[in-house]
Amino acid sequence: MVLRKGSISNEVEEYLKVIYKLERKTGFAKTLEIAKQLRLSPGSVTNTIENLEKRNLIVHKLYRGVKLTDKGKKIALAVIKKHRLSERLLTDVLGMDWSQVHEAACKLEHGISDEVLRLLERFLEYPATCPHGNPIPGGSKGVKEETEPLLDLEPGEKGIIVKITEERKEVLEYFERIGLTLGSLIRVEEKNLADGLIKVGIGEAEVYLTPRLTSIINVKRIRKKSEGDKPLS
Ligand SMILES: [Zn+2]
């Protein structure tokens, strides 16, 4: 394989992807957070960050962290798109379970050329989201679903699970075990128990979720029926 000069390596793509996600969460991506996400030492991350800045992919603001330039953002979005379309390919076409696809897609995403991306997107008919409900950049401009964090629901409120923002196998396998998948109905029973635990009901089951697990679940809230509405019998 011949690497073109100035071509973007897998490593750079990973960095830009992580920075994009952190930036969306907190405005800036801090070096320590980037290191944590990539499971690297802060020292080695600092070197690469300097390099990314030289290549005009990010800007570094002292004490605040880094932000992507337009050029960096374009690459990050393309990698995220390749990741999420790869996940769709794995679930929809190859029949892989949604809990298992993230890790495989992490490898596939770096091997997809822009041309293959276009063909893949067309073949999959421009899906709006990955199998975990996360939006595919530039995907079909379908109806915008209203979603909100499960944490915003008060005890007694219900929602349909529409998005899970963390896709690691360990997490999704556990969710699957307790019946927590996209499309399932979830009720908040109690909040702020010891250590911030949240008691939720899924079908007949009642389970406790940690604040961190709760924070990665997004739902479409089910509005309460107005007074006088009779339940369907
Ligand atoms: Zn996904």
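Preceding block: the structure.
In this report, we go over the structure that sits alongside the text. Computed from a prediction, not measured in an experiment: that's the story for all the values here. (Residues numbered from 1 in each chain as written. Predicted model: local features only at pLDDT ≥ 70, side-chain atom pairs only at ≥ 80, totals over all residues. Heavy atoms only, no water.)

Notes on the layout of surface pockets
Rules: Method remark: on a 1 Å grid restricted to protein atoms, a set of points is classed as a cavity if a 1.4 Å probe fits but cannot get out and as a pocket if it is open with protein on both sides within 12 Å along at least five of seven lines; lining residues have an atom within 4 Å of a point. Grid points are joined across faces, edges and corners, and a volume is the space filled by probe spheres set on the points. The helix count covers DSSP runs of H or I at least four residues long, the strand count covers runs of E at least two residues long, and both are numbered beginning at the N terminus. Residues were grouped as follows: Ala, Val, Leu, Ile, Met, Phe, Trp, Tyr, Cys and Pro as nonpolar; Asp, Glu, Lys and Arg as charged; and all remaining residues, including Gly, as polar. The source of the domain bounds is an automatic or database domain assignment.
By volume, the largest pocket amounts to about 1500 Å³. Forming the boundary of the largest pocket are 31 residues, of which Lys21, Gln37, Thr165, Glu166 and Glu167 lie nearest the centre. Secondary structure elements with two or more residues in the lining of the largest pocket: α1 (10–26), α2 (31–38), α4 (70–93), α5 (101–108) and α8 (211–215). Ranked by residues supplied to the lining of the largest pocket, first place goes to α1 with eight residues. A breakdown of the residues in the lining of the largest pocket according to their chemical character gives 10 nonpolar, six polar and 15 charged. In terms of domain composition, the lining of the largest pocket takes at least three residues from each of domain 1 (10–68) and domain 2 (148–222).

Quick look at unusual backbone geometry
Phi angles above zero are rare outside glycine, and Glu125 is one such case at about 60 degrees. Despite not being glycine, Asp195 shows a phi value in the positive range, around 60 degrees. Looking at the element boundaries, Asp195 is found in the loop between β5 (185–190) and β6 (198–202).

Considering α4
Put simply, the rule is: What a helix should span is 1.5 Å times the count of its residues minus one.
Between the first and last C-alpha of α4 there are 33 Å, a value that for 24 residues agrees with the 34 Å anticipated at 1.5 Å per step. Phi turns positive, to about 75 degrees, at Gly95, one or two residues after α4.

Let's talk about the coordination of the zinc ion
Basically, it comes down to this: Each metal's donors are the N, O and S atoms found within 2.8 Å of it, except that Na, K and Ca use a 3.2 Å limit; water is left out, so coordination can look incomplete. Only two sets of limits are used to name each site, 85 to 135 degrees for every angle of a tetrahedral four-donor site, and over 155 degrees for opposite donors with all other angles from 65 to 115 for a square planar four-donor or octahedral six-donor site, with any other site named irregular. To sort residues, take the accessible area from a 1.4 Å probe on protein chains only and compare it with the maximum for the residue type: under 20% means buried, over 50% means exposed, and anything in between is partly exposed.
Here the zinc ion is held by Glu87 (OE), Cys130 (SG), His132 (ND1) and Glu167 (OE), and the distances to it run 1.9 to 2.3 Å. Here the zinc ion binds four donor atoms, and the angle range of 95 to 143 degrees at the metal identifies the geometry as irregular. Mapped onto the sequence, the donors of the zinc ion take the spacing E-x42-C-x1-H-x34-E. One end of the pair, Glu87, is in helix α4; the other, Glu167, is in the loop between β4 (158–164) and α7 (169–177), with 80 residues separating them in the sequence. For the residue pair Glu87 and Glu167, the accessibility class agrees, reading buried in each case.

A look at α2
Defined as follows: The arc under discussion is defined with respect to the helix axis, by the directions toward the C-beta atoms. In this analysis, two residues are considered to be in contact whenever any of their non-hydrogen atoms come within 4.5 Å of each other.
All of the buried residues in α2 are Ile34, Ala35 and Leu38. Seen from one end, α2 has its buried residues packed into an arc of 100 degrees, which puts them on one side. Structural note: α2 exposes Leu32 and Lys36 on the side pointing more than 90 degrees away from its buried face. On its buried face, α2 is in contact with α1, α3 (42–54) and β2 (65–68). Remark: Arg39 follows α2 within two positions and exhibits a positive phi of approximately 55 degrees.

Here's the deal with empty space enclosed by the protein
On inspection of all chains with the given rule, the structure shows one cavity of 30 Å³ or more. The calculated volume of the largest cavity comes to roughly 30 Å³. In terms of lining residues, the largest cavity is bounded by Lys17, Lys21, Ile80, His83, Arg84 and Glu167. Counting only elements with at least two residues in the lining of the largest cavity, the list comes to α1 and α4. The element best represented in the lining of the largest cavity is α4, accounting for three residues. Class assignment of the residues belonging to the lining of the largest cavity gives a composition of one nonpolar, one polar and four charged.

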